Amino acid sequence: MKILNKYIIKEHLSPFIMSLSVLILILLAQFLLKHMDKFLGKGLNISILFEMVYYNMAWVMALAVPMAILVSTLMAFGRLSNDNEILAMRSSGITYKSMLSPALIFAIAISLIMIYFNNWILPDMNYKARNLISNISKKNPDILFQEGQLHNELDGYIIYFESKDPKSGKFKNTTIIEHNNKITKTITSKYAELIEDYNDDLISLYLEDGFIYEKSKKENEYRTIEFENNIIRIDANNFSFQRRTTKYRGDRELVFDSIKVKIDSFDKKIAKSKKRIKDRILIINPNYTTESPDSALTFIKDELNKLSAISATKENINAIKRSLKNIERGIKHDKAQIESNSRLKNKYIVELHKKFSIPIASIVFVFAGAPLGIIARRGKFSISMAISLIFFLIYWAFLIAGEEFADQGRINPILSMWLPNIILFIIGLFLNLKTINEMKRIKIFNMKRNKDV
């Protein structure tokens, strides 16, 4: 059995390495094409490009490895089936389970490595990649003129363009915020365009039909200036490449423990908001049990409707109404806080489980890929790659849709990340049962033929 295990694992290694190399090249090429404009012709050292590729290799590996496992499984079992080696093994008394076990062991080993990789290496590489791309973007002024995106790459500026007029090339509904530690000036305009003022040290932005909202010297006061035409000049030195590292880390840049801390912090915020709602209701009725923010709002609405039947002076009724309205506003604010923190919490839960669900997909891919390879009876790279691509697209579509629904609170975030694996496992179970039944029929057929002889 040790010889069989080594043989089947060996059959997986070569296709795995080959498919992994091809997939890495494809994903890296796609990434470079997407970000090519950020470093070409910007006077950056070639080492910066290699550094950027190195950092982005992490997410490429995280995606390529499970798919490479599926390709190698299809190729290995497809070749064994096509060359009748599966039939020979079965005739020798080797069970299908014994054939599948080495492939599953290989997938489990890869999954464990990728779980470690996704938790400890990928977050740090994502963090460094984001910082590097942000620094490169500062050297490219054109990056500030992409519609529908909020740009804060420039120190002291936040710039946003809603859309671009295809005829005039001007940007519509522009917002520019100048700030240091606090917002000092906000500029809005109907149209904006980049103009040449023959000064290499400045980048000039021509604005039409807008307003300037500027903080006054007096506290909590702003002054408003309306303009028909205005020119904003930005120091071009801000676009020089400088190494700067932000301390902030997004959800994809945190390790397991840090994500758990984030989730706990959101739980505490949600609990505080729920307690505030409960305390607000207790002021009105100490015996009422609040089940949810919506039930609390319904209770307030019912209390307001009851006021018409209260035998009190008009002034007293109005005072009670004002009190209830204030409580209602407070509950609505708390409800909004709960919904906001719940969405953020779901986002981190999704990322937490993604660190495990994607690596474990390698095991599911073997479970589904082995019988599929036997049924297809093909060990060619192109056919295996095509089948793998279909499976992986289905898997990734479910994963992306699940992540989106989880962020919106429409599906449990844990289920959203494991549902693709569950679906593929069910498909794999069906294919495995079909393969086992076919092998049983082959065995019965061979036994009958031996008796006839």
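I will try to describe carefully the structure that is included in this document. (Residues numbered from 1 in each chain as written. Predicted model: local features only at pLDDT ≥ 70, side-chain atom pairs only at ≥ 80, totals over all residues. Heavy atoms only, no water.)

### Observations regarding helix H2 (residues 46-82)
With 37 residues, H2 should cover 54 Å at 1.5 Å per step; its first-to-last C-alpha distance of 47 Å lies more than 12% under that length. The axis of H2 is deflected most strongly, by about 35°, at Met 57. Of all 37 residues in H2, 27 are buried; the element is thus mostly enclosed. Positive phi appears at Asn 84, one or two residues downstream of H2, with a value of about 60°. (Helix = DSSP H or I, 4+ residues; strand = E, 2+ residues; numbered from the N terminus. Expected span 1.5 Å × (residues − 1). Bend = angle between axes of the 7 residues up to and from the residue. Buried < 20%, exposed > 50% of the residue type's maximum accessible area, 1.4 Å probe, protein only.)

### Observations concerning the pairing of strand E2 (residues 157-164)
Within a regular beta strand, the side chains point alternately toward one face of the sheet and then the other, so they alternate between its two faces. Pairing of E2 with strand E3 (residues 171-179), which is carried by 7 bridges, proceeds in the antiparallel orientation. Bridging across to E3, Ile 159 finds its partner in Ile 176. Linking two consecutive strands that pair antiparallel, namely E2 and E3, is a turn of 6 residues; a positive phi of about 80° is found at Gly 169 within it. (Pairing = 2+ DSSP bridges.)

### Brief notes about unusual backbone geometry
Positive phi, normally seen in glycine, also occurs at Asn 84, with a value near 60°. With respect to the secondary-structure elements, Asn 84 resides in the loop between H2 and helix H3 (85-91). Not every positive phi belongs to a glycine, and Asn 173 is a case in point at roughly 50°. Topologically, Asn 173 is positioned in strand E3. Exposure remark for Asn 173: the relative accessible area of 37% places this residue in the partly exposed category.

### A few points about the nonpolar core
One finds Phe 16, Leu 20, Phe 77, Ile 110, Phe 365 and Tyr 395 to be the most contacted residues of the largest nonpolar core, which totals 64 residues. Where this core is concerned, the elements lending two or more residues are helix H1 (2-35), H2, H3, helix H4 (96-137), helix H7 (314-376), helix H8 (381-407) and helix H9 (413-452). If we skip the residues at most four places from it in the chain, Phe 365 touches Pro 66, Leu 70, Phe 392, Tyr 395 and Leu 424. With 14 residues, the next largest nonpolar core counts Ile 281, Leu 297, Leu 307 and Ile 331 among its residues. (Core = buried A, V, L, I, M, F, W, Y, C linked by side-chain atoms within 4.5 Å. Contact = heavy atoms within 4.5 Å.)

### Examining the packing of H1 against H2
The geometry of H1 relative to H2 is characterised by a closest axis approach of 5 Å and an angle of 140° between their N-to-C directions. Our classification of the angle between H1 and H2 gives oblique. For the pair H1 and H2, the crossing hand works out as right-handed. (Axes fitted to C-alpha atoms, helices over the stretch in contact; angles between N-to-C directions. Parallel < 35°, antiparallel > 145°, perpendicular 65-115°, else oblique. Left-handed = near helix turned anticlockwise from the far one by under 90°.)

### Examining a nonpolar patch on the surface
On the surface, a nonpolar cluster with roughly 590 Å² of combined accessible area is contributed by Leu 415, Ile 422, Phe 425, Ile 426, Leu 429, Leu 433 and Ile 436. Relative to the helices and strands, Leu 433 resides in helix H9. Judged by relative accessible area, Leu 433 falls into the partly exposed class, the value being 47%. (Patch = residues over 30% accessible without salt bridge, like charges linked within 9 Å, V, L, I, M, F, W, Y side chains within 5 Å. Areas by Shrake-Rupley, 256 points an atom, 1.4 Å probe, with all protein chains shown as cover. Salt bridge = Lys/Arg side-chain N within 4 Å of Asp/Glu carboxyl O.)

### Considerations on the side chain of Asn 341
Examined against the element boundaries, Asn 341 turns out to sit in helix H7. Aside from chain neighbours lying at most four places away, what touches Asn 341 is Phe 266, Lys 269 and Ile 270.

### A short note on the packing of aromatic side chains
Per the counting criterion, the structure on display carries 13 aromatic pairs. Between the aromatic rings of Tyr 54 and Tyr 55, the centroid separation amounts to 5.6 Å while the plane-to-plane angle is 50°, which identifies the pairing as tilted. By relative accessible area, which is 51% here, Tyr 54 ends up exposed. Its relative accessible area of 13% is what places Tyr 55 among the buried residues. Look at Phe 266 and Tyr 348: their rings are 5.7 Å apart centre to centre, the planes differ by 35°, and that puts the pair in the tilted class. (Phe/Tyr/Trp six-rings, centres within 6.5 Å; stacked < 30°, edge-to-face > 60°.)

### A short note on the pattern of salt bridges
Under the definition given, this model contains 16 salt bridges. Put simply, Glu 11 and Arg 79 hold a salt bridge, and the shortest N to O gap is 2.8 Å. In this pair, Glu 11 is assigned in helix H1 and Arg 79 in helix H2, connecting sequence segments 68 residues apart. Here Arg 276 and Asp 334 are joined by a salt bridge, their closest N and O atoms 2.9 Å apart. With Arg 276 in helix H5 (residues 256-284) and Asp 334 in helix H7, the pair connects residues that are 58 residues apart, well separated along the chain. The exposure class of Asp 334 is buried, given its relative accessible area of 0%.

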